[in-house]
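Here's the letter readout for the chains.
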Amino acid sequence: MQKKFSVVIVMMLICILAAGTAQARKWKISHVRPQNTAIDNDLKAFTAELEEISKGDMKAKIYAASSLGDYTVVQERVGLGAVDMACQPVAAAADKRMQIANFPFMFTGWKQAEKNFAPGAPLRKTIEGLYAKQGIKLLATWPAYFGGIALNKEPQNPTNPDAKKGLKIRVVPTKSFKLMADNIGFIGTPIPFSEAFTAVQTGVVDGVVGSGAEGYYASFRDVTKYYLPINTHFEMWYFIMNAELYEDLDEEHKKLLDKAAVDFENRRWARAEADQAANEKRLADYGAKIIKISPEVIEAHAVKVRANVWPEILNDVGEDWGRKVLSGLIQ
């Protein structure tokens, strides 16, 4: 009897220790930008808040500048539990349907984007579901910017979507970005983010698409001589966590983590649009020429891309599924 009692006590202690492991350890958070950039500072605020409200139970260490691997690899590692958390662009290698998050020229402005990424919005729920199938919990969103094209050579006829620009540009390794670049007069070349700067610097490509002024200033300012702010896509980053790690938390700690994540998201929405304008100015102050783009030029690019590129991407992600997601967008 005493032996059975001892076994029960030991098993209870093991369960208690196991339950506390998730919130007692120091989590690793990956992101793609250098230290002291906007995302790095926002994650520092998140970790400080989390540690404070959990009274030290939940701590995290930030790994900047893709030091844990390219974001495409990190997403897979988060799903497997090799990396605890990350805030980064979506990667479509594991599921082509995740390209729906980066459909080119999907949104026309900040207000529309915010409505579609609000908690409970159809698009956000779709993306949450796609992450869940990979063993990933979506904690929050981090709106980065509307995208543009950074170049180290002057493009030909930059405001005409039908004109050949005579330049090869790095594109995100997804079908949507390559098709978009090709359809507006560039030659799209898929290259991982971690190799993009060297590719521009060595002349493999003449520029980059897939980011915006913030990203180009942070990581490409020394090779950016011209910038086209044509709103290629709405760049949303996703604050993700290994789903099993999240589920291992007790309810109290889940609530604390959820609160810190909501605060992290809300702080960013409050200043994201102003940050975009400030980063375009930073690029200009550093020596880049910002090519003036009118709303009419953006609309002309959007019309062409939606007509020529969207059907191809829909075919890639599943036309019926993709059209259902697009029909649920909030205008």
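Cut-offs used in this document
- Residues numbered from 1 in each chain as written.
- Predicted model: local features only at pLDDT ≥ 70, side-chain atom pairs only at ≥ 80, totals over all residues.
- Heavy atoms only, no water.
- Helix = DSSP H or I, 4+ residues; strand = E, 2+ residues; numbered from the N terminus.
- Rg over C-alpha atoms; globule rule 2.2 N^0.38 Å.
- Buried < 20%, exposed > 50% of the residue type's maximum accessible area, 1.4 Å probe, protein only.
- Contact = heavy atoms within 4.5 Å.
- Areas by Shrake-Rupley, 256 points an atom, 1.4 Å probe, with all protein chains shown as cover.
- Lys, Arg positive; Asp, Glu negative; His and termini not counted.
- Charge placed at Lys NZ, Arg CZ, Asp CG, Glu CD.
- Pairing = 2+ DSSP bridges.
- Axes fitted to C-alpha atoms, helices over the stretch in contact; angles between N-to-C directions.
- Phe/Tyr/Trp six-rings, centres within 6.5 Å; stacked < 30°, edge-to-face > 60°.
- Lys NZ or Arg CZ within 6 Å of the ring centre and 35° of its normal.
- Salt bridge = Lys/Arg side-chain N within 4 Å of Asp/Glu carboxyl O.
- Right-handed = clockwise from strand over helix to strand, strands pointing away.
- Parallel < 35°, antiparallel > 145°, perpendicular 65-115°, else oblique.
- Left-handed = near helix turned anticlockwise from the far one by under 90°.
- Nonpolar A, V, L, I, M, F, W, Y, C, P; charged D, E, K, R; others polar.
- Core = buried A, V, L, I, M, F, W, Y, C linked by side-chain atoms within 4.5 Å.

**Q** Pulling in residues and values, what's your account of the overall build of the chain?
**A** Along its length, the chain carries 13 helices and eleven strands. Relative to a compact globule of 331 residues, whose C-alpha radius of gyration would be 20 Å, the chain shows 22 Å and is just as compact. Viewed in the frame of its principal axes, the chain has a C-alpha envelope of about 85 × 45 × 35 Å. Across the 331 residues of the chain, 52% fall into the buried class. The contacts of the chain with a sequence gap of at least 6 include a subset with a gap of at least 24, amounting to 76%. Of the roughly 15,000 Å² of accessible surface on the chain, a fraction of 54% belongs to carbon and sulfur atoms. Measuring between centres, the 42 positive side-chain charges of the chain sit 2 Å from its 39 negative side-chain charges.

**Q** Requested: an account of the sheet that holds strand E6 (residues 168-171), with residues and values cited.
**A** Hydrogen bonds between backbone atoms are what pair the strands of a sheet, whose relative direction is either parallel or antiparallel. The six strands are arranged E7-E6-E8-E5-E9-E11 in an open sheet whose pairing can be described as mixed. Sheet topology places strand E7 (187-190) and strand E11 (289-290) at the edges, where each strand pairs with a single neighbour. Across three bridges, the pairing between strand E5 (residues 148-151) and strand E9 (residues 226-228) is antiparallel. By the bridge assignment for E9, Ala150 is matched with Tyr227. Helix H8 (residues 213-220) contacts E5, strand E8 (207-211) and E9 of the sheet and is inclined by roughly 130° relative to E8.

**Q** So what's going on with the packing of aromatic side chains? Residues and values would help.
**A** For the structure shown, the criterion picks out 20 aromatic pairs. Aromatic pair Tyr216 and Tyr227: ring centres 5.6 Å apart, planes at 65°, arrangement edge-to-face. Here the residue Tyr216 occupies a position in helix H8, and Tyr227 occupies one in strand E9, the gap between them amounting to eleven residues. Just as Tyr216 is buried, Tyr227 falls in that class too. With centroids separated by 6.1 Å and ring planes inclined at 85°, the aromatic side chains of Tyr217 and Tyr286 adopt a geometry described as edge-to-face. Of this pair, Tyr217 sits in helix H8 while Tyr286 is found in the loop between helix H10 (251-285) and E11, placing the two residues 69 residues apart along the sequence. A network of ring pairs unites the aromatic residues Phe107, Trp110, Phe117, Tyr131, Phe146, Phe234, Tyr238 and Trp269 as a single cluster. Positioned above the aromatic ring of Tyr246 is the side chain of Lys137, whose terminal nitrogen or guanidinium carbon lies 4.8 Å from the ring centre.

**Q** Describe the pattern of salt bridges, and please don't skip the residues or the numbers.
**A** For the structure on display, the rule yields 20 salt bridges. Across the pair Glu251 and Lys254 runs a salt bridge whose closest N-O atoms are separated by 3.5 Å. Of this pair, Glu251 and Lys254 are both found in helix H10, three residues apart, which corresponds to roughly one turn of the helix. Here Asp275 and Arg268 are joined by a salt bridge, their closest N and O atoms 2.7 Å apart.

**Q** So what's going on with the pairing of E6? Residues and values would help.
**A** Alignment of E6 against E7, held across four bridges, turns out to be parallel. Across the sheet, Arg170 pairs through a bridge with Thr189, a residue of E7. Where the polypeptide runs from E6 across helix H6 (residues 175-183) and back to E7, its parallel neighbour, the crossover connection is right-handed. As defined by bridge partners, E6 adjoins E8 across two bridges and the pair is classed as parallel. In the strand pairing of E8, Arg170 is matched with Val208.

**Q** Please set out the sheet that holds strand E10 (residues 234-242) residue by residue, giving values where relevant.
**A** Spatially, five strands are ordered E2-E1-E3-E10-E4 in an open sheet, and the strand pairing comes out mixed. On the outer flanks of this sheet lie strand E2 (59-63) and strand E4 (136-146), each paired with one strand and no other. Between one strand axis and the next, the sheet turns through 20° on average, direction left out of account. The pairing of strand E1 (residues 26-31) with E2 spans five bridges and is classified as parallel.

**Q** Which residues make up the packing of H6 against helix H12 (residues 310-317), and what values do they have?
**A** Orientation of H6 relative to H12, taken along the N-to-C sense of each, is 165°, at an axis distance of 10 Å. In this view, H6 runs roughly antiparallel relative to H12, as classed from their interaxial angle. Considering only the axes of H6 and H12, their crossing is right-handed. Of the residues in H12, those in contact with Lys175, Ser176 and Leu179 of H6 are Glu312, Ile313 and Asp316. Split into classes, the residues belonging to the contact of H6 with H12 amount to two nonpolar, one polar and three charged.

**Q** Residues and numbers for the nonpolar core, please.
**A** If you look at the biggest cluster of nonpolar residues, it comprises 105 residues, and the most contacted ones within it are Trp27, Tyr238, Phe239 and Leu257. Sequence-distant contacts of Leu257, that is, excluding residues within four places in its chain, are made with Trp27, Phe46, Leu50, Met58, Met85, Leu139, Met241, Tyr246 and Leu249.

**Q** Account for the pairing of E8, with residues named and values stated.
**A** Most of E8 is tucked away, with five of its five residues classed as buried. In the sheet, E5 pairs with E8 via four bridges, with the strands oriented antiparallel. Bridge pairing in E8 links Gly148 to Ser211.

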